[in-house]
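So you can see what is in the structure, the chains are spelled out below.
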Amino acid sequence: MGKIPFSPEQGAALEFALMRVEEDSGFWPTQKSFELVHSIEPSFAAELIILRKNDEGENEILLTIYHNRKAHYLDFEGKWHAPGGWVKCGDEDFNDACERIAERELTCNVNFIRKLGDYWWKPEEHPYGRPLSLLMLCEVEGAVDIHGECKFFPVKNLPENTIEVHRKFIEEFITIR
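Residues numbered from 1 in each chain as written. Predicted model: local features only at pLDDT ≥ 70, side-chain atom pairs only at ≥ 80, totals over all residues. Heavy atoms only, no water.

1. Points about the packing of aromatic side chains
Taken as a whole, this structure holds six aromatic pairs when the rule is applied. Between Tyr 119 and Phe 169, the aromatic rings sit 6.3 Å apart at their centres with planes inclined by 50°, giving tilted as the arrangement. Here Tyr 119, found in strand β5 (residues 109–120), pairs with Phe 169, found in helix α4 (residues 164–176); they are 50 residues apart in sequence, far enough to count as distant. According to the relative accessible area criterion, Tyr 119 is buried, its value standing at 8%. We classify Phe 169 as buried; its relative accessible area is 1%. The rings of Tyr 66, Phe 76, Tyr 119, Trp 121 and Phe 169 are connected pair by pair, giving a single aromatic cluster. (Phe/Tyr/Trp six-rings, centres within 6.5 Å; stacked < 30°, edge-to-face > 60°. Helix = DSSP H or I, 4+ residues; strand = E, 2+ residues; numbered from the N terminus. Buried < 20%, exposed > 50% of the residue type's maximum accessible area, 1.4 Å probe, protein only.)

See the structure below:
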């Protein structure tokens, strides 16, 4: 199928919309506009890797149950995952993204220590687009509210119902650490 060029008016409308998104620090006007842009332009996601040592001296990782009411995420619904989210456009740095995500998903504060690695999602692994997940080692300030949907697990014994891509990058993280 041949490409249909934008009319000057359509190009101007797109430029206007993108400038508005930039002015609004990366907030998209609709979910569909967010999905369309991410389907053609990769985005960064920060995945919080929060570790502790158990009584036997083995690494444990903090995982939470994934909840999202959007239909395209149903494959992830109710599964364990590393807390994470999109890094906002504009002037949000890694530390800011980690702090925002921790507050939203864990209701706690974290300090970003360093980037451990990254995982480039394959097209079939994500509902839209190919995000680049940045694995962010963080430490918790104070305590995390550990409950039924937020627990530490041994990195060598993740729950069976862990989101498969998260399992992949956690296992990769184990080998490079």
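2. Describing the pairing of strand β1 (residues 44–53)
Across the 10 residues that make up β1, a large majority, seven, are buried. Both β1 and strand β6 (residues 132–141) contribute to a ladder of seven bridges, which runs parallel. Bridge pairing in β6 links Ala 45 to Ser 133. In terms of strand pairing, β1 meets strand β4 (residues 84–86) through three bridges, oriented antiparallel. Looking across to β4, one finds that Glu 47 is bridged to Gly 84. (Pairing = 2+ DSSP bridges.)

3. Let's talk about the confidence of the model for the protein chain
Put simply, the protein chain has an average pLDDT of 84, and 92% of its residues get 70 or more. Per-element mean pLDDT across the protein chain ranges from 77 in helix α2 (residues 31–40) up to 94 in strand β3 (residues 80–81). (pLDDT = per-residue confidence, 0-100.)

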